[in-house]
Amino acid sequence: MLFNSIQFLIFFPIVTLLYFLMPHRARWALLLVASCVFYMAFVPVYILILAFTILIDYVAAFWINGATGRRRKAYLIVSIVANLGVLAFFKYFNFVNDNLAALARVLDWNYSVPALAILLPIGLSFHVFQSLSYTIEVYRGNQAPERHLGIYALYVMFYPQLVAGPIERPQNLLPQFRQEHVFDGERVASGLRLMLWGLFMKISIADQLAPIVNTVFERPEAYTGLPLILGAVGFSFQIYCDFAGYSFIAIGAARVMGFELMQNFNRPYHSASISEFWTRWHISLSTWFKDYVYIPLGGNRVATWRWCLNLFIVFMLSGLWHGANWTFIIWGALHGAYLIASIVTRDLRAEASRQSGLDALPTIKRLFQVTTTFTLVTFAWIFFRAPTLADAWYIATHLTAGVGAQLASAQAFIATLESVASVHDIVFAALCIVMLETVQVMQRPKLGPWFTQSVPVWVRWPVYQAAILFMLLFYPPSQQFIYFQF
């Protein structure tokens, strides 16, 4: 079930109303049934996969907790293999099989394993990682095994964050299912504001950018210069508004009922470095890799070469987590390379900043850093979005081709833009991005929070009405959330 659908518009208020009307002891059952209905709206039979991993991890947690030494680790490995095995089968089997077949053709080997006609269960990567965080935390002694099977199943299947996160930790979410949440008007209003903002980002920005982005990336060889830049920048904002929009809706829907999910985005395109970007983008995933992969590898408490290798491994795995395609792996490798380059050139950059006088102009320096970071992130997004490596390489090597001629006159500039989409659509998308950035600037802590009771009514209500008007103008949406494919 999509958050931006008529079905959810009916589903959410009914479930929420029943939640507050039912006695506390029965609420977990309501939420579990609602979560099953929510997930089965996609492909009903795939709920059996969730049931399999839930049972494996539920039992494994007790085995881990009751064992010592090698047996304890062996039970953890059972959980990891079961979860990653399901993920590998559905998400990576055909990818590995296709690459082995290509290698066999090069080496003239006989390889005849057929591809499987399987559909990737929606959100599989998300609930696999959430399940793994539970058994790993039990293994580390940070979480007691959950004895109530229904509540543990709800931890994995809680519908607001089931298919695209945030990827929660058991210490945060499991205790909340036992807390009695009473109706609180201020909290409900806060949750609804988050949902409204998320829907606005998705419907009025991400979905409006989608046709422009698709036009460029579906046939990149037809363009050079400005259209490719327009497509790349458009995708940067499309994927941000699409995924952050989902996260805001998820967090808001949970908050209405009294649950607090972790923050997943914090104005990532305002980052002044790639390392800062990854503390602001998909926070639940980046902290998952940090806690369960990066730190166990040694983190930055090792020699510099090993530190760089640890970073590169983490980002290669992050790329692979996102999709079974070399384009995602290259995307992850680029971010790993960015971070390694920042480590290697740290002293050189600090000296250049001092010598150039930028240190004496902190605002200009910050603006330069933010612009550079956004450019690097946008370049990497090309590989994330392009269907093939050949398409990504073409775009990456033709971004500046002919830009001078395309900017030479207003007529040539407009003609270039209209080869991608109508000027009206492009201008409208640009205005929506300006609106987004204006709100995000106002969210800065020193300027006060946005969409809260501290903002005057005469400011808040026009914003709410404008957001609703935009969504009504462009409803019903036709775009599924991008991260559902992961």
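Residues numbered from 1 in each chain as written. Predicted model: local features only at pLDDT ≥ 70, side-chain atom pairs only at ≥ 80, totals over all residues. Heavy atoms only, no water.

### What to know about empty space enclosed by the protein
Then comes step 1: Under the counting rule described, the total for this entry stands at 1 cavity of 30 Å³ or more.
Then comes step 2: Of the voids in this model, the largest cavity is the one considered here, and its volume is about 30 Å³.
Then comes step 3: F126, H127, Q130, V156, Q161, L162, G165, P166 and I167 are the residues that line the largest cavity.
Then comes step 4: Ranked by residue count, the leading element in the lining of the largest cavity is helix α5 (residues 124-140), at 3 residues. (1 Å grid on protein atoms, 1.4 Å probe; cavity = no way out; pocket = protein on both sides within 12 Å on 5 of 7 lines; lining within 4 Å. Points joined across faces, edges and corners; volume = space filled by probe spheres on them. Helix = DSSP H or I, 4+ residues; strand = E, 2+ residues; numbered from the N terminus.)

### Focus on the pattern of salt bridges
Then comes step 1: Scanning the model with the defined rule gives 9 salt bridges in all.
Then comes step 2: Linking R178 and E146 is a salt bridge whose minimum nitrogen-to-oxygen distance equals 2.7 Å. Of the two residues, R178 is situated in the loop between α7 (170-173) and α8 (185-218) and E146 in the loop between α5 and α6 (149-157); the sequence distance between them amounts to 32 residues.
Then comes step 3: Across the pair E260 and R255 runs a salt bridge whose closest N-O atoms are separated by 3.1 Å.
Then comes step 4: Using a relative accessible area of 18% as the deciding quantity, one classes R255 as buried.
Then comes step 5: What emerges from the salt-bridge pattern is a single network uniting K202, D207 and D242. (Salt bridge = Lys/Arg side-chain N within 4 Å of Asp/Glu carboxyl O. Buried < 20%, exposed > 50% of the residue type's maximum accessible area, 1.4 Å probe, protein only.)

### With respect to the layout of surface pockets
Then comes step 1: Approximately 1,200 Å³ is the volume found for the largest pocket.
Then comes step 2: Residue lining of the largest pocket: 42 residues in total, with S273, I274, S275, L339 and S342 positioned closest to the centre.
Then comes step 3: Broken down by secondary-structure element, the contributors of at least two residues to the lining of the largest pocket are α10 (274-280), α11 (283-294), α12 (304-322), α13 (326-344), α14 (346-356) and α15 (362-385).
Then comes step 4: Looking at the lining of the largest pocket, the element that brings in the most residues is α11, giving 7 residues.

### A few points about the packing of aromatic side chains
Then comes step 1: Applying the stated rule across the entire model yields 59 aromatic pairs.
Then comes step 2: One residue, R27, lies across the ring of Y19, its end atom 4.6 Å from the ring centre.
Then comes step 3: The ring of W321 carries the charged tip of K91 above its face, separated from the ring centre by 5.4 Å. (Phe/Tyr/Trp six-rings, centres within 6.5 Å; stacked < 30°, edge-to-face > 60°. Lys NZ or Arg CZ within 6 Å of the ring centre and 35° of its normal.)

### Considering the environment of P462
Then comes step 1: Relative to the helices and strands, P462 resides in helix α20 (residues 457-473).
Then comes step 2: Between the C-alpha atoms of P462 and S353, which are 109 residues apart in sequence, the distance is 43 Å.

### Description of unusual backbone geometry
Then comes step 1: Even without glycine at this site, D108 takes up a positive phi of about 60°.
Then comes step 2: Take D108: it is sitting in the loop between α4 (69-107) and α5.
Then comes step 3: D108 gets classed as exposed once you look at its relative accessible area, which sits at 70%.
Then comes step 4: Even without being a glycine, H282 presents a positive backbone phi close to 40°.
Then comes step 5: Of note, H282 is situated in the loop between α10 and α11.
Then comes step 6: For H282, a relative accessible area of 0% gives the class buried.

### Digging into the packing of helix α1 (residues 6-21) against helix α9 (residues 226-257)
Then comes step 1: As a packed pair, α1 and α9 sit with axes 10 Å apart at the nearest point and diverge in direction by 30°. By the angle between their axes, α1 is roughly parallel relative to α9. Contacts from F12, T16, Y19 and F20 in α1 reach A253, V256 and M257 in α9.
Then comes step 2: Here the residues of the contact of α1 with α9 sort into 6 nonpolar, 1 polar and no charged. (Axes fitted to C-alpha atoms, helices over the stretch in contact; angles between N-to-C directions. Parallel < 35°, antiparallel > 145°, perpendicular 65-115°, else oblique. Contact = heavy atoms within 4.5 Å. Nonpolar A, V, L, I, M, F, W, Y, C, P; charged D, E, K, R; others polar.)

### With respect to the packing of helix α3 (residues 47-66) against α4
Then comes step 1: Here α3 crosses α4 at 165°, and the two axes come no closer than 8 Å. The angle between the axes of α3 and α4 places the two elements in the roughly antiparallel class. Here the hand of the crossing between α3 and α4 comes out left-handed. Side by side, α3 and α4 meet where I49, F52, T53, I56, D57, A60, W63, I64 and N65 of the first sit next to R72, Y75, L76, S79, A82, N83, V86 and F90 of the second.
Then comes step 2: Taken together, the residues of the contact of α3 with α4 sort by class into 11 nonpolar, 4 polar and 2 charged. (Left-handed = near helix turned anticlockwise from the far one by under 90°.)

### Description of the environment of L358
Then comes step 1: Inspection of the secondary structure assignment puts L358 in the loop between α14 and α15.
Then comes step 2: Separated by 74 residues in sequence, L358 and C432 place their C-alpha atoms 32 Å apart.
Then comes step 3: If near-sequence neighbours (up to four positions away) are discounted, L358 is found in contact with S353, I364 and K365.

### Points about the nonpolar core
Soluble globular proteins tend to pack their nonpolar side chains together in the buried interior.
Then comes step 1: Core analysis: the biggest nonpolar cluster contains 137 residues, and F158 and Y269 have the highest contact counts within it.
Then comes step 2: In terms of residues, this core owes the most to one element, α9, which gives 18 residues.
Then comes step 3: Not counting the four nearest positions on each side in its chain, F158 is found in contact with L31, S35, L173, F177, A254, M257, F259 and L261. (Core = buried A, V, L, I, M, F, W, Y, C linked by side-chain atoms within 4.5 Å.)

### Describing the side chain of D242
Then comes step 1: Tracing the backbone through its elements, the reader meets D242 in helix α9.
Then comes step 2: For D242, the side chain forms a polar contact with the side chain of K202, separated by 2.6 Å. (Polar contact = N/O pair within 3.5 Å; in protein donor to acceptor, adjacent residues only side chain to side chain.)

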